[in-house]
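So you can see what is in the structure, the chains are spelled out below.
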Amino acid sequence: MKAEFQNPLMKGLACAALGSGLRSILVFDASPATLQTMARLLAQMAAVVAGGEVVLPQASDTKAAKRIPPVQLGTVETEEDLWGCLALGQNGTSQSVIWKAGLLAAGNEQETRIVVIPDLSRLSLAASRACVMLIGAEVAHLERHGQRDRWQPQLFWLAGCDRTRIGTLSPHLLDRFALRLSGGESPNSHQRVMQLRAWFEQFDQKHASEDREWEAAPLSAEVVEALKQAQQIQPEVLPEARERVLDYVGVSGGYSPRRDLALLRLARAQARLAGAAQVGKQAVDGAAALIGLTPQRSQPEISPPDSTVTDLEKKDDVPQSLSQGSEQENTQPRRDEAPSVTEEPVFESDTQETLPSTALPIGGPTIDPYLEDTVSPEREAASLRLPPRRFKAASLDRGAIIGVEPTPVPRDLALVSTLLEAAKYQALRWQALKEKPNPPLWAKNLLDKRQANGHIPLILQAGDLRRYRRAAVPEQMLTLVLDYTSLKECQWQGALLPYLQWAYVERASVCLIQVGAADAQDELRAEKREADNILVPRIRNRLEVNWGRATPLAHGLDLALQTLRHRLQHGRSTVQKAVLVVITDGRGNVPLAASRAGTVTPPVGRQGIEDAMAVAQQIAALKGVEAVVLNPQPKHYGDLPVELAQAMGAKIAKIPTLQPWEVDA
């Protein structure tokens, strides 16, 4: 075994280069610099094994027979970026609309690409779907915008991920990554973000300046020679090796047949690197140790170590950290090259001096490669799915435009997209019209007009129609009246959380009415803030502001009343159900007239409370409103929240009060 392969990361990359089934690598806790170095090494190894030349993405004019460009995927890639799109041709070309291939859909079989994903947990949805489809696939099909293509993907995948964010990833996506390695660095989230930013800037600068660092050859001559020799070796996989694989992969929980195959392929790739003719149990143990797998079931009695194998290990320079009882590739002698040690002083000293910048870390202690089996999910099962339509009366042709789609009905048409779709087929349609034996009258008129004045009308067919794809309009609404002056001594966050979760799950719109906030523009008035969903930052940031002096509760309830009336009863209303949550102690000290006028006319007395009760009775008359009053259990006038709930026809729930030590803190 070569000295460079003492590094588990280096060895894993070499195995991935040799085995086509190991070309998807996931590295845990790797810094951006480590991932970048690994990408360069993997590109060089792919060039040695598959042939070709490593080029920069911008170097499209290279004359290399086989190009190996790196491709980076992140959070902003769209379907058009990945698969391709129609674009306007350059001036002077005969075609006005040409097909522009995407990052992953180039059908050139001569091109191998290194796909680098700096952070798998922040990958865009389109890129995630592309990973699921392409990783491990032998053939890819593409049908998009009238284009059809089929090719054999030549892709190496290298992704990094923080182990603490595994729960945010889909097991379906993680299962596509055959080889799991440990980067050995576990910075906190802030440090990782800073490293990613620095890495992105460095990556962009290299692209802009066309740095030729990717073309540098960081591989030593020994590694290149080892890879070339390994290509010539096709070891036989013994039945005992297949049996041994089953000891490491359990058949319960997150079992996937890909794990069995990946472990066996890794063992075979290591045997090729070691020059072994057969793959036995020891090779499987070595592969499991490399990725951190431990036996899932009790092992049979282990035979005493074979002294001959131990001797072979020592001769091949197997590192002590990896040999932990498993690096013995098999019982077959590899080659009689014991005297080769004498050649090292001649070649190693020269090659080591030429590689001072190859700073691939040694990697950390191996961890369980299949963390998704034990980590609890940190995401919603169908977080990306649109909410179901419960009310058919909701909104056709309404909502934000998020795309374009074909339609058989001429309604809500996207005119530009329709015309562009029709423009692609004009030459074909005019040719067919000319060759038609008995054209109808309208066709004759078109042909005559074109011949007379050269005007070429656009021939539009039903298949060209495109309509807007629109985001779903919220059909439910959460209205929250938050009296900040009543939140001093209660655990209101926990009581409010179920309603916020409901709003998130139902994709409900949100209306927050702030009563008595410290930073209110006018302390005599409540303020209203609306958003399409609960995730909007301006809603989240306004939940925990300090309390002020005045409590314009009547004005806050009046704002809620007006909002509910407008959203439920006005025009083509889309809101079919509203949930009103009121958190208050009922002690409104600003009359409604004072809030509207912006000035207080003494005496005030109980006018503020009576106005709040009157508005609450109007809310009770609304249909489609489910009201809840959360009672903070004030020490004084404890009956006011109950009276307010009765006037509103609302349910009431108590909010736990804080303990004395919590208030003091």
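Look a little higher up for the structure.
Within each chain, residues carry numbers counting from 1 in the order of the written sequence. Reporting of local features is limited, given that this is a predicted model, to residues whose pLDDT is at least 70; pairs of side-chain atoms are given and counted only at 80 or more, and all residues count toward the totals for whole chains, interfaces and linings. To get the side-chain values, take all heavy atoms of the structure and skip hydrogens and water.

(A) Broad picture of the overall build of the protein. To qualify as a helix, a DSSP run of H or I must reach at least 4 residues; to qualify as a strand, a run of E must reach at least 2; elements of each kind are numbered from the N terminus. In terms of helices and strands, the protein carries 23 helices and 21 strands. Only protein chains enter the accessibility calculation, which uses a 1.4 Å probe. A residue is then buried if its area is under 20% of the maximum for its type, exposed if over 50%, and partly exposed in between. Counting over 665 residues, the protein shows a buried share of 47%. Expressed as a percentage of contacts within the protein between residues at least 6 apart in sequence, the contacts between residues at least 24 apart total 78%. With the model as given, the accessible surface of the protein reaches about 34600 Å², and the carbon-plus-sulfur share is 51%. Two residues form a contact once any of their heavy atoms are found within 4.5 Å. In this description, accessible areas are obtained by the Shrake-Rupley approach with a 1.4 Å probe, and a residue is regarded as covered only by the protein chains that are shown.

(B) Representation of the nonpolar core. Nonpolar cores are built from buried Ala, Val, Leu, Ile, Met, Phe, Trp, Tyr and Cys residues. Side-chain atoms within 4.5 Å join them into one set. Counting residues in each nonpolar core, the largest one holds 60 residues, and the members touching the most others are Ile-25, Met-45 and Leu-263. At 10 residues, helix H2 (residues 32–50) tops the list of elements feeding residues into this core. Apart from residues no more than four positions distant in its own chain, Ile-25 is found in contact with Leu-13, Ala-16, Leu-42, Trp-157, Leu-158, Ala-159, Phe-177, Leu-179 and Leu-181.

(C) Region of the structure containing helix H16 (residues 441–453). With 13 residues, H16 should reach 18 Å at 1.5 Å per residue; the first-to-last C-alpha distance of 18 Å fits that figure. For H16, the full list of buried residues reads Ala-443, Leu-446 and Leu-447. Projected down its long axis, H16 shows its buried positions confined to an angular sector of 95°, all on one face. For H16, exposure combined with an orientation more than 90 degrees from the buried face picks out Leu-441, Ala-452 and Asn-453. The elements touched by buried residues of H16 are helix H15 (426–434). Following H16 by one or two positions, Gly-454 adopts a phi angle in the positive range, close to 75°. Multiplying 1.5 Å by the residue count of a helix minus one yields the expected span of that helix. Directions are taken from the helix axis to each C-beta atom, and the arc is the one they span.

(D) Spotlight on the sheet that holds strand S21 (residues 651–654). Only strands joined by at least two bridges in the DSSP assignment are considered to pair. On the basis of which strands lie adjacent, the open sheet formed by 6 strands has the order S18-S17-S16-S19-S20-S21 and mixed pairing. Among the strands making up the open sheet, the edge pair consists of strand S18 (527–531) and S21. On average, adjacent strands in this sheet sit at an angle of 15° to one another, irrespective of strand direction. One ladder, built from 7 bridges, connects strand S16 (residues 476–483) with strand S17 (residues 509–515); its direction is parallel. Fitted lines through C-alpha atoms give the axes, limited to the stretch in contact for helices. The angle between two N-to-C directions lies from 0 to 180 degrees.

(E) Molecular detail of the sheet that holds strand S10 (residues 155–161). The strand order S4-S7-S10-S1-S11 describes an open sheet built from 5 strands, whose pairing is parallel. Strands with a single pairing partner mark the edges of an open sheet, and in this sheet they are strand S4 (70–72) and strand S11 (179–182). Adjacent strand axes in the sheet meet at a mean angle of 20° when their direction is disregarded. The pairing of S4 with strand S7 (residues 113–117) spans 3 bridges and is classified as parallel. What sits directly across from Val-71, in S7, is Val-115.

(F) Region of interest: the side chain of Ser-121. For Ser-121, the position within the fold is in the loop between S7 and helix H4 (125–134). Polar contacts involving the side chain of Ser-121 include one to the side chain of Asp-119, which spans 2.7 Å. Counting of polar contacts relies on pairs of N or O atoms within 3.5 Å, with two restrictions inside protein: one atom must be capable of donating a hydrogen and the other of accepting it, and residues adjacent in sequence are counted only when both atoms are side-chain atoms. Among the polar contacts made by the side chain of Ser-121, one reaches the side chain of Arg-165 at a distance of 3.0 Å. Ser-121 has contacts with Arg-165, Thr-168 and Leu-169, leaving out every residue within four places of it along the chain.

(G) The environment of Gly-84, seen in detail. Residue placement: Gly-84 occurs in strand S5 (residues 84–88). Relative accessible area serves as the criterion here: at 0%, Gly-84 is assigned to the buried category. Taking the C-alpha atoms as reference points, Gly-84 and Leu-104, 20 residues apart in sequence, are found 8.5 Å from one another.

(H) Spotlight on the pattern of salt bridges. A pair is scored as a salt bridge if a Lys or Arg side-chain nitrogen falls within 4 Å of a carboxyl oxygen belonging to Asp or Glu. Scanning the entire structure with this criterion turns up 26 salt bridges. Here Arg-244 ties to Asp-247 by a salt bridge, and the two come within 3.0 Å at their closest N and O atoms. Taken together, the residues span about one helical turn, with Arg-244 and Asp-247 both in helix H8 (residues 239–248) at a distance of 3 residues. Between Glu-421 and Arg-466 there is a salt bridge, with the nearest N and O atoms lying 3.2 Å from each other. Of the two residues, Glu-421 is situated in helix H14 (residues 415–423) and Arg-466 in strand S15 (residues 466–470); the sequence distance between them amounts to 45 residues. A relative accessible area of 13% means that Glu-421 is categorised as buried. Three or more residues are tied together by salt bridges with common partners; here these are Arg-180, Arg-259, Glu-372 and Asp-373.

(I) Quick peek at the pairing of strand S1 (residues 24–28). Where burial is concerned, most of S1 is hidden: 5 out of the 5 residues are buried. A two-sided burial pattern is seen for S1, the buried positions comprising Ser-24, Leu-26 and Phe-28 on one face and Ile-25 and Val-27 on the other. Pairing analysis gives 5 bridges linking S1 to S10, with the strands arranged parallel. Note on S10: the bridge partner recorded for Leu-26 is Ala-159. Pairing of S1 with S11 involves 4 bridges; the strand directions are parallel. Paired with Ile-25 across the two strands is Leu-179, which belongs to S11.

(J) Representation of the packing of aromatic side chains within the structure. Stacked, edge-to-face and tilted labels apply to pairs of Phe, Tyr and Trp rings (six-membered ring for Trp) whose centres lie within 6.5 Å, assigned for plane angles under 30 degrees, over 60, and everything in between, in that order. Per the stated rule, a full pass over the model turns up 0 aromatic pairs. Two conditions define a charge sitting above a ring: the NZ of Lys or the CZ of Arg must be within 6 Å of the ring centre, and it must be within 35 degrees of the ring normal. Over the face of the ring belonging to Tyr-370 we find Arg-259, whose NZ or CZ atom lies 4.0 Å from the ring centre. Taking the ring centre of Tyr-504 as reference, the NZ or CZ of Arg-507 above it sits at 5.3 Å.

(K) Quick peek at H14. Turning to H14, its buried residues are Thr-418, Glu-421 and Ala-422. Axial view of H14: buried residues confined to an arc of 95°, hence all on one face. Opposite its buried face, H14 presents the exposed residues Val-416 and Leu-420, each directed more than 90 degrees away. On its buried face, H14 is in contact with H15 and S15.

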